[in-house]
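# Chains, contacts and geometry: an overview
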Amino acid sequence: MSYERPAEPAIRIEGLTRRFGGNAVLDRLDLRIGPGEFLALLGRSGSGKTTLLRTLAGLDPVEEGEVLVPRNVAVVFQESRLLPWRRVWENVTLGLPGRDARDRAVAALEEVGLGHRLEAWPLTLSGGEAQRVGIARALVREPEFLMLDEPFASLDALTRLRMQAMVGRLWQKRRCAVLLVTHDVDEALLLGDRAVVLDSGRIRTELPVALDRPRRHDDPGFAPARRALLAALDVHETV
Amino acid sequence: MLDMTVRPRSEAGTATPGTPTRAEAGRLRRAVPTGLLRRSVSPLLLLLVWQAASSSGLVSPQTLASPSRILSTAVGLTTDGTLPRNLLVSLARAGSGLAIAVVAGVALALLAGLSRLGEEAIDAPMQMLRTLPALALVPLFILWFGIGELPKIALVALGSTIPIYLNLYKGIRSIDPKLLEMGRTLGLSRAQTIRQIVLPGALPDLLTGLRFSVGISWLMLVVAEQVNANSGIGHMMTDAEDFLRTDVILVGLLVYALLGLLSDQVVRVLERTLLAWRPSQGGRA
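Reading the values: the criteria
Residues numbered from 1 in each chain as written. Chains lettered and ligands numbered in written order. Predicted model: local features only at pLDDT ≥ 70, side-chain atom pairs only at ≥ 80, totals over all residues. Heavy atoms only, no water. Helix = DSSP H or I, 4+ residues; strand = E, 2+ residues; numbered from the N terminus. Buried < 20%, exposed > 50% of the residue type's maximum accessible area, 1.4 Å probe, protein only. Contact = heavy atoms within 4.5 Å. Areas by Shrake-Rupley, 256 points an atom, 1.4 Å probe, with all protein chains shown as cover. Expected span 1.5 Å × (residues − 1). Bend = angle between axes of the 7 residues up to and from the residue. Core = buried A, V, L, I, M, F, W, Y, C linked by side-chain atoms within 4.5 Å. Salt bridge = Lys/Arg side-chain N within 4 Å of Asp/Glu carboxyl O. Axes fitted to C-alpha atoms, helices over the stretch in contact; angles between N-to-C directions. Parallel < 35°, antiparallel > 145°, perpendicular 65-115°, else oblique. Left-handed = near helix turned anticlockwise from the far one by under 90°. Nonpolar A, V, L, I, M, F, W, Y, C, P; charged D, E, K, R; others polar. Domains from an automatic or database assignment. Buried area = accessible area lost by both parts, 1.4 Å probe. Polar contact = N/O pair within 3.5 Å; in protein donor to acceptor, adjacent residues only side chain to side chain. Pairing = 2+ DSSP bridges.

Here we come to the overall build of chain B. Counting secondary structure elements, chain B contains 11 helices and zero strands. Secondary structure elements of chain B, listed N to C terminal, follow the sequence α-α-α-α-α-α-α-α-α-α-α. Within chain B, the proportion of its 285 residues that are buried is 37%. Restricting to contacts in chain B with at least 6 residues of sequence separation, those with at least 24 account for 71%. Put simply, chain B shows about 16,300 Å² of open surface, and 69% of that area lies on carbon and sulfur atoms.

Structure below.
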């Protein structure tokens, strides 16, 4: 398994260790993400995915090891985390400096197909719409590094497929480095340049996804890649 | 009082389980106006009995004035300026006391809710004050502040500050930590976090506190004006007591009831406009 790493990674993690009560959730973790690379991070519950993302987002401290991330990062959480008391466009401009903030928010919302819901209150949105606002809120900051924490986990299957396609399109347009944390092997293969499996706080498997874009489930390379990833997650699909 | 005891029974009557048939639905639709009419029968009957008992001399006017007498007294007190004058005095006391309470309660809750030091300094005394019945302070306040406007306004202010403080403090402390975390990832400054997340998030609790405060402010005022005052609705009533004027006392009670009802409505309107984002407030944009 060979993978050519870019000379200058956008994100560099070396020897990152994080303990909760003596228990190492992240254990001397090394990981690099190239500029413009889409990395899918898989792992079972408790494998340290969330802790890694929180550390990269600056929500958790770096206690051991070294972490290098660009200054301009954005996070999309599993729950959209919109402020219910601010209208949709105001949620997108939150903390955004400049006089043209509203125009930029409108543009970002139109990009995610919500140009018609600018003035809506967040509690009146559907789950998929709320998550799209969350994505617009992240993209309007033009991040160099975008983190997605299981962003589609609570959406219904059809909405999830649409959202995956949308994120794929947006990423190809913007080419920022992306870390997608997910449980979903198909999602990782549809979107990722590379998939890594986290296990007990270390990278257990690293798999470049050499499938043509736009990605399709019926690509002949899809099934073997899927099997390999599932095997790394200790799932063997034989019924 | 009567209205309140009637309501649950009539609600239970209309809440027919299962899907109503066409005929039933028609009956239910018609039941609304007739229900209202039927429910107003017993209060009206009571008024009639009351009037009859008074007119026949069964109940002396020194015990309880007749409804017609109360009405004419109300008109008389209004036209000769007694009621408007005292009402304005009472309103000014309740209003200024409440205004002080809002400022003090909000300031204290912000200090306690937003800083560790503020919490340590403010919360314990406020929680102790909460257990103290503010009305028990009347004698002390008279000793301290005499019998002018000050003790009355101070009593209203003290009593109304507590619910505003308690509710707003709780609201600030129970802001969803996930939203605060989101604010951190967006790089919000502390001031932005407070303005965008903490304050609007705690606003529903502040309004709940305000609603309690408005109720308490009237309660405080009633006591303060009846114990020592030479103006105000409460004074008008105590004065009437000396002359066995039950009609004037009842007019005062009526005014208090209307004031309570009215101020509650004002807070409701505030809630509807300020919390338009809540789906229950009909805030679909």
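Let us keep going from here.
To continue, consider helix 4 (residues 127-139) of chain A. An ideal rise of 1.5 Å per residue puts 18 Å on 13 residues; helix 4 of chain A measures up with 18 Å between its terminal C-alpha atoms. Helix 4 of chain A sits mainly inside the fold: 11 of its 13 residues count as buried. All of the buried residues along helix 4 of chain A are G128, E129, A130, Q131, V133, G134, I135, A136, R137, A138 and L139 of chain A. At its buried positions, helix 4 of chain A is contacted by strand 5 (73-76), helix 2 (88-93), helix 3 (101-111), strand 6 (145-149) and helix 5 (157-174) of chain A together with helix 8 (177-185) of chain B.

Another aspect to go through is helix 5 (residues 116-131) of chain B. Residues and elements named next belong to chain B. Across its 16 residues, helix 5 extends 23 Å between first and last C-alpha, which sits within 8% of the 22 Å expected from 1.5 Å per residue. Along helix 5, the sharpest kink reaches roughly 30°, centred on I122 and followed within four residues by the proline P125. On its buried side, helix 5 packs onto helix 4 (82-114) and helix 7 (149-173).

With that settled, consider the nonpolar core. Residues L52, F145, M147 and L179 of chain A are the most contacted members of the largest nonpolar core, which totals 81 residues. With 11 residues, the top contributor of residues to this core is helix 9 (residues 190-227) of chain B. F38, A74, L125 and V140 of chain A belong to the second largest nonpolar core, which has 55 residues in total.

The tally for this structure, following the rule as stated, stands at 36 salt bridges over all chains. Between D218 of chain A and R216 of chain A there is a salt bridge; the shortest N-O distance is 3.0 Å. Each member of the pair, D218 of chain A together with R216 of chain A, is exposed. In the salt-bridge network here, residues are joined through shared partners; they are R18, R54, D60, E63, E79 and R81 of chain A together with K178 and E181 of chain B.

Here we take up the packing of helix 5 of chain B against helix 7 of chain B. Helix-helix packing is described using two parameters, namely the angle between the two axes and the distance between the axes. All names here are of chain B. Running from N to C, helix 5 and helix 7 point in directions that differ by 135°, and their axes come no closer than 11 Å. As far as their axial angle goes, helix 7 and helix 5 are oblique. Every pair of crossing elements has a handedness; the one defined by helix 5 and helix 7 is left-handed. Seen from helix 5, the contacting residues are R116, E119, I122, D123, M126, Q127, L129 and R130; seen from helix 7, they are L158, T161, I162, Y165, L166, Y169 and R173. Residue composition of the contact of helix 5 with helix 7, grouped by class: eight nonpolar, two polar and five charged.

Our focus in this paragraph is the domain arrangement of chain A. Residues and elements named next belong to chain A. With domains assigned, chain A is organised as domain 1 (1-72 + 145-239) and domain 2 (83-142). The C-alpha-based centres of domain 1 and domain 2 are spaced at 26 Å. Taken together, the 12 residues of domain 1 in the interface contact 11 residues of domain 2. By the criterion of area lost to domain 2, the three top residues of domain 1 are M166, L170 and R174, representing 42% of everything that side buries.

Looking now at the interface of chain B and chain A. Opposite the 20 residues of chain B that make contact, chain A presents 24 residues. Summing both sides of the interface, chain B and chain A together bury roughly 2,100 Å²; the carbon and sulfur share of this comes to 65%. It is T185, L186 and W277 of chain B that lose the most area in chain B upon contact with chain A, and together they represent 29% of the buried surface on that side. There are three salt bridges connecting chain B and chain A. Ionic pairing is found between E79 of chain A and K178 of chain B, a salt bridge with its closest N-O pair at 3.2 Å. The interface formed by chain B and chain A holds seven residue pairs in polar contact (both at pLDDT 80 or more) in total.

Let's shift gears to the pairing of strand 8 (residues 194-199) of chain A. Residue and element names in this part refer to chain A. Across the six residues that make up strand 8, a large majority, six, are buried. Here strand 8 shows no split at all, with R194, V196 and L198 on one side and A195, V197 and D199 on the other all buried. Pairing of strand 3 (residues 38-43) with strand 8, which is carried by five bridges, proceeds in the parallel orientation. Each residue of the ladder has a partner; that of G43, found in strand 8, is L198. With six bridges joining them, strand 8 and strand 9 (residues 202-208) adopt antiparallel strand pairing. Following the sheet pairing, L198 is matched in strand 9 by I203. If you look at the hairpin formed by strand 8 and strand 9, you'll find two residues sitting between the two strands, and S200 has a positive phi there, around 50°.

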